[in-house]
Structure formats: structure tokens, C-alpha cells
Amino acid sequence: MDRVVLNHVTYRYPIAEENALNDVSLRIKEGEFCSIIGANGSGKTTLCNVIRGFIPKFYQGDLEGQVLINGRDIAQVELGSLATEVGFVFQNPFTQISGIANTVYEELAFGLENMGVEPDVIRRRVEDVLRLTKTEAFRDRNPYQLSGGQQQRIALAAILIMEQDIMVIDEPTSQLDPQSTDDVFEVIKLMKDMGRTIVLVEHKMEQIARYSDHIIVLDQGRVVLEGTPREVITNPDCAKYHTRLPQCTNIGLGLKKRGVDLGELPITTDEAVGQICTYMGR
Ligand SMILES: Nc1ncnc2c1ncn2[C@@H]1O[C@H](COP(=O)(O)OP(=O)(O)OP(=O)(O)O)[C@@H](O)[C@H]1O
Ligand SMILES: [Mg+2]
């Protein structure tokens with residue numbers, strides 16, 4: 001089943017002169033890990049806002065085309081009902097914090113309390129999520145007094161706990177150091193392993209190549225390239241759209257130029273190591 005379908009979606013913000021999205025058609029299947037990449041201003045966050053119904057429910061402007069979430073046209077769905085199906089992590093984690101809770105623990109419990117979940121169940125789920133996201137150390141801290149990176153982890157924990165089917169995650173690692181970035185990808189992978197559908201906006205190509213099932217490249221509001229990580233990353237056009245290739249792919253390209261052909265271009269470090277070993281007869 002397709003969780004997210006866009007048919008010829010074009011959108012322009014109220015006072016903007018250009019379309020933020022231009023004739024975008026795409027499908028994201030149940031359980032798929034789909035990454036959206038592209039330059040600053042290419043329309044990634046706008047696309048996220050379409051998928052979670054904020055366009056056109058909050059943002060005015062002209063929206064053309066059709067958006068189906070779990071098979072239902074969002075034009076006919078209430079935002080409240082959509083919120084039980086789509087979880088969202090904002091690009092800026094600071095804006096995600098409720099402002100109501102005094103501690104991270106309360107922050108995580110907040111969404112479930114609103115849904116009228118039993119206190120025992122809330123306690124168990126908060127404990128589970130604190131453990132899974134390695135945020136136990138912050139449980140009694142005020143969410144506003146955390147660093148940007150710590151807030152990003154709490155924002156992820158706060159949607160993990162809600163158990164929606166579709167997770168839309170906009171640049172969750174922008175403020176994170178390498179170790180925390182890996183931790184966040186592990187949490188997102190965990191969400192995928194739980195059967196959730198992931199729509200991730202990211203720039204970190206190493207991790208995108210390793211974890212995604214599907215990549216969509218946006219340029220000036222258009223889908224210009226899509227496919228498996230291998231199809232997209234090894235497409236010579238990929239680098240044109242202000243996307244960086246994984247380092248190992250660049251190394252593969254550099255070696256090829258010098259006449260060293262490893263076979264297929266590597267897109268992950270593990271692949272590169274395997275190919276170099278084979279090449280060297282080890
Ligand atoms: N609220 C808004 N009103 C008017 N124009 C907007 C608004 N938000 C975004 N835009 C414009 O829409 C286009 C797409 O913006 P969007 O935020 O979706 O890009 P993005 O790919 O997420 O960029 P970034 O990588 O910087 O986060 C840009 O040209 C931007 O200036
Ligand atoms: Mg953005």
C-alpha cells in the first residue's frame with residue numbers, strides 16, 4: 001500500500017513570486033525509508049508541510065494537484081485526524097517543544113496525556129522511549145535548557161512515542177555531532193524496523209546511502225531524480241543538484257579516472273572496503 005501519494009502537486013506561498021513546488025508527483029510505500037535531498041530552498045520543507053497537511057490547512061497560498069495520505073485525499077481530512085497518522089519533527093527543534101512541560105519526562109508524556117492514554121501505559125512508553133533514544137540522562141531537565149542537539153533527540157523521542165504510521169523528519173541532525181548523528185539514524189532505523197514509513201530530509205549522504213530505500217532529489221521545487229540510493233548516487237546528474245556524493249563514491253570516481261576500476265561505484269564505506277580488498281586480492 002502507498003502511504004503517501006502526490007499527483008501533480010504545485011504550490012505557491014501567498015506572497016511568493018515563484019512556485020515552491022512544481023508539478024511534484026511521488027509515491028512512498030508502507031514501511032519505506034524515503035530520503036528527500038536537494039539544495040537550500042529546493043522545496044524540501046514545503047514538501048514535508050504538504051505531507052502533514054499544514055499546506056493548505058495552515059499556510060494559505062495556491063495548492064494544485066492531489067495529496068493522498070493512507071489513501072485519503074487530505075482536502076477531505078481534518079488536521080487533527082491527520083495528526084494521528086503523521087508524526088513530524090521540525091527543522092528547528094526549539095519550535096517543537098511544547099513550552100508546557102517542566103521536564104523532558106513530562107514533555108514526552110504530554111502528547112499521550114492529550115490522547116487520554118492510561119497513566120501506566122504512559123509511564124511504560126516514556127521509559128521505553130527514553131531508553132531507545134538514549135535520553136535517560138536528560139529526563140529531569142527542562143527541555144528549554146538543553147543544547148540544540150539534545151533538543152533534536154527529544155523531538156525525535158516525542159514522535160517515536162506517538163506511534164503514528166508516517167514519520168516526517170526534517171533535518172534531524174543539523175545540530176548534532178557525528179556520534180549523535182549516528183545515534184539519531186539508529187533511532188530512525190528503529191522506527192523503520194517497527195514498520196513505520198519514514199520521510200527524511202537530510203544532507204548527510206553517507207547515512208542516506210546506508211539507510212534509505214528510496215531517494216528523491218528536489219531542485220527548484222521539482223523532482224529531478226529518484227530511485228534507490230544506488231540509482232540516484234551513481235547517476236552522473238546527481239552532483240548537479242548541489243548534493244554531495246558520499247566520500248567513498250568520490251574515491252571510487254577518483255580511482256576510476258586513474259584507471260583503477262573497482263567495478264560498481266561504491267556508495268557505502270563497507271562496499272568500498274569490500275571492493276578494494278577484492279581488487280587487491282585479499
Ligand atoms: N512561509 C513562506 N513564505 C514564502 N515563501 C516561502 C516560505 N517558506 C519557504 N518559502 C520559499 O519556498 C521555497 C522552498 O523553501 P523550503 O523551505 O521548502 O526549502 P528547503 O529545501 O527546505 O530549504 P532548506 O534546505 O534551506 O531548509 C524557497 O524559495 C523559499 O524561499
Ligand atoms: Mg528546509
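Reading the values: rules and limits
- Residues numbered from 1 in each chain as written.
- Chains lettered and ligands numbered in written order.
- Predicted model: local features only at pLDDT ≥ 70, side-chain atom pairs only at ≥ 80, totals over all residues.
- Heavy atoms only, no water.
- Helix = DSSP H or I, 4+ residues; strand = E, 2+ residues; numbered from the N terminus.
- Rg over C-alpha atoms; globule rule 2.2 N^0.38 Å.
- Buried < 20%, exposed > 50% of the residue type's maximum accessible area, 1.4 Å probe, protein only.
- Contact = heavy atoms within 4.5 Å.
- Areas by Shrake-Rupley, 256 points an atom, 1.4 Å probe, with all protein chains shown as cover.
- Lys, Arg positive; Asp, Glu negative; His and termini not counted.
- Charge placed at Lys NZ, Arg CZ, Asp CG, Glu CD.
- Pairing = 2+ DSSP bridges.
- pLDDT = per-residue confidence, 0-100.
- Phe/Tyr/Trp six-rings, centres within 6.5 Å; stacked < 30°, edge-to-face > 60°.
- Lys NZ or Arg CZ within 6 Å of the ring centre and 35° of its normal.
- Patch = residues over 30% accessible without salt bridge, like charges linked within 9 Å, V, L, I, M, F, W, Y side chains within 5 Å.
- Salt bridge = Lys/Arg side-chain N within 4 Å of Asp/Glu carboxyl O.
- Near = heavy atom within 4 Å.
- Polar contact = N/O pair within 3.5 Å; in protein donor to acceptor, adjacent residues only side chain to side chain.
- Nonpolar A, V, L, I, M, F, W, Y, C, P; charged D, E, K, R; others polar.
- Core = buried A, V, L, I, M, F, W, Y, C linked by side-chain atoms within 4.5 Å.
- Domains from an automatic or database assignment.

### Side note on the overall build of the protein chain
Within the protein chain, the regular secondary structure consists of eleven helices and ten strands. Relative to its length of 282 residues, the protein chain is compact, with a C-alpha radius of gyration of 20 Å against a globular reference of 19 Å. Projecting the C-alpha coordinates of the protein chain onto the three principal axes gives extents of approximately 65 × 45 × 35 Å. A burial count over the protein chain gives 49% of its 282 residues as buried. If you take every contact in the protein chain between residues at least 6 apart in sequence, the share linking residues at least 24 apart comes to 63%. Roughly 13,700 Å² of accessible area belongs to the protein chain as shown, and the carbon and sulfur atoms make up 49% of that amount. Put simply, the protein chain has 29 plus and 40 minus side-chain charges, and the middle of one group is 4 Å from the middle of the other.

### Quick notes on the pairing of strand β9 (residues 214-219)
With six of its six residues buried, β9 lies for the most part within the structure. The alternating pattern of β9 places H214, I216 and L218 on one face and I215, V217 and D219 on the opposite face, and all of these are buried. Relative to β9, strand β3 (residues 33-38) runs parallel, the two sharing five bridges. Bridge pairing links G38 to L218 in β9.

### Here we look at the confidence of the model for the protein chain
Put simply, the protein chain has an average pLDDT of 92, and 99% of its residues get 70 or more. Ranking the elements of the protein chain by mean pLDDT puts helix α6 (residues 148-160) last, at 87, and strand β2 (residues 21-29) first, at 98.

### A short note on the packing of aromatic side chains
On inspection of all chains with the given rule, the structure shows five aromatic pairs. Taking 5.0 Å as the distance between ring centres and 80° as the angle between the ring planes, the aromatic pair formed by Y11 and Y13 counts as edge-to-face. You can call Y11 buried: its relative accessible area is 0%. With 4.6 Å between their ring centres and 65° between their planes, F54 and F58 make a pair best called edge-to-face. Three or more aromatic residues joined by ring pairs form one cluster here, namely Y11, Y13 and Y59. Sitting over the face of the ring of F54, R52 holds its NZ or CZ atom 3.5 Å from the ring centroid. Sitting over the face of the ring of F88, R52 holds its NZ or CZ atom 3.7 Å from the ring centroid.

### Description of a nonpolar patch on the surface
Where nonpolar side chains cluster on the molecular surface, the patch consists of I276, Y279 and M280 and spans about 310 Å² of accessible area. Within the fold, I276 resides in helix α11 (residues 269-279). With relative accessibility at 33%, the residue I276 sits in the partly exposed group.

### Focus on the environment of D183
Among the secondary structure elements, D183 is positioned in helix α7 (residues 178-193). Leave out the neighbours within four places in its chain, and D183 touches K134 and R153.

### Describing the site of ligand 1
Lining the immediate environment of ligand 1, one finds 13 residues, of which G41, K44, T45, T46 and Q91 sit closest. Residue K44 places a side-chain N or O atom 2.7 Å away from an oxygen atom belonging to ligand 1. The separation between an oxygen atom of ligand 1 and a polar side-chain atom of T46 is 2.5 Å. Protein contact buries 62% of the 640 Å² of open area that ligand 1 shows by itself. Considered class by class, the residues forming the shell around ligand 1 number three nonpolar, eight polar and two charged.

### What about the environment of V260?
Relative to the elements of secondary structure, V260 occurs in the loop between α10 (247-257) and α11. Spatially, the C-alpha atoms of V260 and I276 are 10.0 Å apart, while their sequence positions differ by 16 residues. Residues within four places of V260 in sequence aside, it is in contact with L255 and Y279.

### Regarding the nonpolar core
Residues L108, L156, I169, I188, M191 and I198 are the most contacted members of the largest nonpolar core, which totals 31 residues. Among the secondary structure elements, those contributing two or more residues to this core are α4 (104-114), α5 (119-132), α6, β7 (166-170), α7 and β8 (197-201). Sorting elements by how many residues they give to this core places α6 first, with six residues. In this structure, this core is formed jointly by two domains, domain 1 (1-85 + 165-236) and domain 2 (99-163), each of which donates at least three residues. Excluding residues within four positions of it along the chain, L108 makes contact with V126, V129, L130, I154, A157, A158 and I161. Formed by 29 residues, the second largest nonpolar core is a distinct cluster that contains L21, L47, I51 and V199.

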